[in-house]
Each structure stands twice: as structure tokens, then as C-alpha cells.
Amino acid sequence: MADQKRRAEQFRALHISGSPLVLFNIWDAGSAKAIVIGGAKAIATGSWSVANANGFSDGERIPLAFAIENLRRIVSVTDVPVTIDLESGYGDQPEAVGRTIGLAIDAGAVGCNLEDSFPANGKLRETAEQANRIRCARRTADAADTPFFINARTDIFFQRPPEQHNETMVVEAMERARVYAEAGADGLFAPGLADISLIARLAEGSPLPLNIMVAEATPPLRKLAEHGVARVSYGPGPYLMAMQALEEAARAASP
């Protein structure tokens with residue numbers, strides 16, 4: 001636990017506005033080892049990638065026990081901090097989310113993502129409901145005496161296509177960030193947001209360090225850093241790249 005606590009503190013310190021932590025998301029122990037060799041300072045699983053690599057669909061379709069065992073194997077092959085994508089926390093009630101966090105901590109994780117949408121349909125939960133879920137997660141982490149990093153993911157920017165993102169949505173995201181911070185969250189994850197002016201506004205107005213996910217329209221890392229982003233995730237991108245390379249190699253090897 002002392003080593004886990006040290007890694008958790010190390011992970012927390014990597015979140016610096018203007019000098020973002022880059023997480024090239026992985027899906028198993030082998031991919032974790034590869035990116036550490038490549039110089040990664042920390043490891044983050046991506047739920048979509050973990051699910052697809054093991055024959056499941058995303059949206060908490062992969063059994064929690066399977067996801068936790070996969071996490072345990074990842075932690076066992078590296079000394080860098082590991083954070084896990086726990087989707088919506090695997091449970092309708094806040095207490096279930098707390099139990100899920102406990103399992104992740106027991107397996108060696110130093111942090112997690114928690115979404116504020118329903119896994120079945122992607123619709124947003126009420127802010128107060130999500131705050132209660134985060135509060136239970138925080139209590140579990142505090143009871144384990146570890147500075148576990150709860151990255152509160154808001155799916156506001158998945159509710160509309162990127163060309164319809166606007167200031168009103170950013171204000172709603174900032175309000176959720178404020179409530180989530182009070183409940184015990186440590187970071188704000190806003191996947192789907194790609195407009196640099198809106199990113200800058202959210203980074204400035206959020207009480208939590210901002211995490212942006214790389215997609216086709218995402219500004220380059222330098223721009224994200226200049227506008228206050230503290231963490232950049234690659235989501236399913238690395239898995240898709242690896243599978244494309246494998247497919248191309250298989251085609252080249254075919255007679």
C-alpha cells in the first residue's frame with residue numbers, strides 16, 4: 001500500500017495546467033509494457049479498448065470481475081501509476097460505485113474515470129445524482145488512505161455534434177465541475193470537446209484540472225497546453241491503430 005500511495009501522489013502531481021499529462025490508453029498487460037518502454041509516465045486503460053480486445057461491446061458489457069482482473073495484471077507488469085476507466089461505476093446506486101472503487105484500489109489502481117451518463121443510452125444523469133456517486137467513491141478511497149484520483153467525466157459534449165457545441169454547454173460543464181469537486185472529484189474529463197476557444201474557456205473556469213480526449217478534430221498537443229489543459233487522453237485511438245497495423249501486416253503476409 002505504501003508503494004501504491006507513492007504512485008498515487010506521483011500521478012496526482014503530473015496534472016499540470018499548461019504542461020499536460022499525456023495518456024496513450026492501453027487495454028492489457030502487453031500494451032502497458034509497450035508504452036512504458038516508449039516513455040509513458042503513467043498508464044490509463046480505455047474501457048472501449050479493453051472491451052473490444054476481449055470480445056465485448058463498450059457500455060459496461062465487460063464483466064466487472066474481468067475488468068478488475070485485467071487491471072491487476074496490468075499493475076503487476078509496471079512500476080508507473082495505473083488508472084482505470086470504470087465507465088459509470090458498475091451500479092445504479094452510489095454504494096455500488098463505492099464498492100467498485102474499492103475493488104480497483106485493491107487491484108492497485110491509483111485513479112479512475114467515472115462517467116456522468118447512463119451506460120445503456122448515454123443520457124446524462126442529474127448533477128446531484130452523479131455527485132452522490134462521486135461522494136461514495138471518495139469515501140471509499142479515503143477509507144483506504146490513498147490519494148486516489150477521481151477523474152469526473154462529463155458527457156455533456158456527447159449530447160450534441162461538435163458543430164453545435166457552445167458557451168451554454170461550457171457553463172453547464174463548469175457547474176458540474178464545481179459540484180463534482182465539492183463531492184470529492186480531482187479532475188474533469190470532457191471528451192468530445194474539440195473547439196479550442198471552448199476548451200480554453202472550460203480550462204479557465206473549471207475548479208478541476210481539465211482532461212481532453214484526442215479525436216480527429218482535436219487541436220494539437222501544443223495548442224491544448226497553451227490553453228490550460230492538464231491531461232490529454234487518446235481513448236480508443238491506440239487500440240484502433242494497433243488493430244489496423246495488425247490487419248495490414250496480415251494482408252501483406254497472405255499469399
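Below: a short report on this structure. (Residues numbered from 1 in each chain as written. Predicted model: local features only at pLDDT ≥ 70, side-chain atom pairs only at ≥ 80, totals over all residues. Heavy atoms only, no water.)

Take the overall build of the protein chain next. Helices and strands together make up the secondary structure of the protein chain, namely 10 helices and eight strands. Relative to its length of 255 residues, the protein chain is compact, with a C-alpha radius of gyration of 17 Å against a globular reference of 18 Å. Structurally, the protein chain occupies a C-alpha span of about 55 × 40 × 35 Å along its principal axes. By residue count, 52% of the 255 residues in the protein chain fall in the buried class. Intrachain contacts of the protein chain at a sequence separation of at least 6 include 68% that bridge at least 24 residues. About 11500 Å² of surface is accessible on the protein chain, with carbon and sulfur atoms providing 53% of the total. Considering the protein chain, the positive charge centre built from 25 side chains and the negative charge centre built from 31 side chains are found 2 Å apart. (Helix = DSSP H or I, 4+ residues; strand = E, 2+ residues; numbered from the N terminus. Rg over C-alpha atoms; globule rule 2.2 N^0.38 Å. Buried < 20%, exposed > 50% of the residue type's maximum accessible area, 1.4 Å probe, protein only. Contact = heavy atoms within 4.5 Å. Areas by Shrake-Rupley, 256 points an atom, 1.4 Å probe, with all protein chains shown as cover. Lys, Arg positive; Asp, Glu negative; His and termini not counted. Charge placed at Lys NZ, Arg CZ, Asp CG, Glu CD.)

It is worth spelling out the packing of aromatic side chains at this point. Tallying each qualifying case throughout the model produces five aromatic pairs. Centroid distance Phe11 to Phe149: 5.6 Å. Interplanar angle 85°. Geometry classified as edge-to-face. A residue pair is termed long-range when its members are at least 10 positions apart, and Phe11 in helix α1 (residues 2-13) and Phe149 in strand β5 (residues 149-153) qualify at 138 residues. Note on Phe11: relative accessible area 0%, which makes it buried. Judged by its relative accessible area of 2%, Phe149 is buried. Here Phe56 and Phe66 contribute two aromatic rings whose centre-to-centre distance is 5.9 Å and whose plane-to-plane angle is 70°, an arrangement assigned as edge-to-face. Of this pair, Phe56 sits in the loop between α3 (47-53) and α4 (64-76) while Phe66 is found in helix α4, placing the two residues 10 residues apart along the sequence. In textbook terms, an aromatic cluster arises when at least three aromatic residues are bridged by ring pairs, as seen for Trp27, Trp48 and Tyr239. Positioned above the aromatic ring of Phe118, the side-chain terminus of Arg125 is 4.3 Å from the ring centre. (Phe/Tyr/Trp six-rings, centres within 6.5 Å; stacked < 30°, edge-to-face > 60°. Lys NZ or Arg CZ within 6 Å of the ring centre and 35° of its normal.)

Two packed helices can be described by the angle between their axes and the distance between those axes. Taken N-terminus to C-terminus, the directions of helix α5 (residues 94-106) and helix α6 (residues 127-143) make an angle of 35°; their axes are 8 Å apart at the nearest point. Relative to α6, the crossing made by α5 is right-handed. Together, Pro94, Glu95, Val97, Gly98, Ile101, Gly102 and Ile105 of α5 and Asn132, Arg133, Cys136, Ala137, Thr140 and Ala141 of α6 make up the contact between the two elements. (Axes fitted to C-alpha atoms, helices over the stretch in contact; angles between N-to-C directions. Left-handed = near helix turned anticlockwise from the far one by under 90°.)

Grouped together as the largest cluster of nonpolar side chains are 57 residues, with contacts concentrated most on Leu71, Phe157, Leu202 and Leu210. Top contributing element to this core by residue count: helix α7 (residues 167-183), with eight residues. Setting aside anything within four residues of it in sequence, one finds Leu202 in contact with Phe157, Val170, Ala173, Met174, Leu188, Ala190, Leu193 and Leu210. In terms of nonpolar packing, the next biggest core, distinct from the first, is built from nine residues, Phe11, Ala42, Ala44 and Phe149 among them. (Core = buried A, V, L, I, M, F, W, Y, C linked by side-chain atoms within 4.5 Å.)

Before going further, it helps to examine empty space enclosed by the protein. Applying the stated criterion across every chain, the model contains two cavities of 30 Å³ or more. Within this model, the largest cavity holds a volume of roughly 100 Å³. Forming the walls of the largest cavity are Thr45, Gly46, Ser47, Val50, Ile62, Ala67, Asn70, Leu71, Ile84, Asp85, Glu87 and Tyr90. Looking at the lining of the largest cavity, the elements with two or more residues in it are α3, α4 and β3 (82-85). Looking at the lining of the largest cavity residue by residue, the classes come out as six nonpolar, four polar and two charged. Leu23, Asn25, Ala44, Thr45, Thr83, Ile84, Asp85, Asn113, Asn211, Arg231 and Ser233 are the residues that line the second largest cavity. The set of elements that each furnish at least two residues to the lining of the second largest cavity consists of β3 and β8 (231-233). A total of three residues in the lining of the second largest cavity trace back to one element, the largest contributor, which is β3. (1 Å grid on protein atoms, 1.4 Å probe; cavity = no way out; pocket = protein on both sides within 12 Å on 5 of 7 lines; lining within 4 Å. Points joined across faces, edges and corners; volume = space filled by probe spheres on them. Nonpolar A, V, L, I, M, F, W, Y, C, P; charged D, E, K, R; others polar.)

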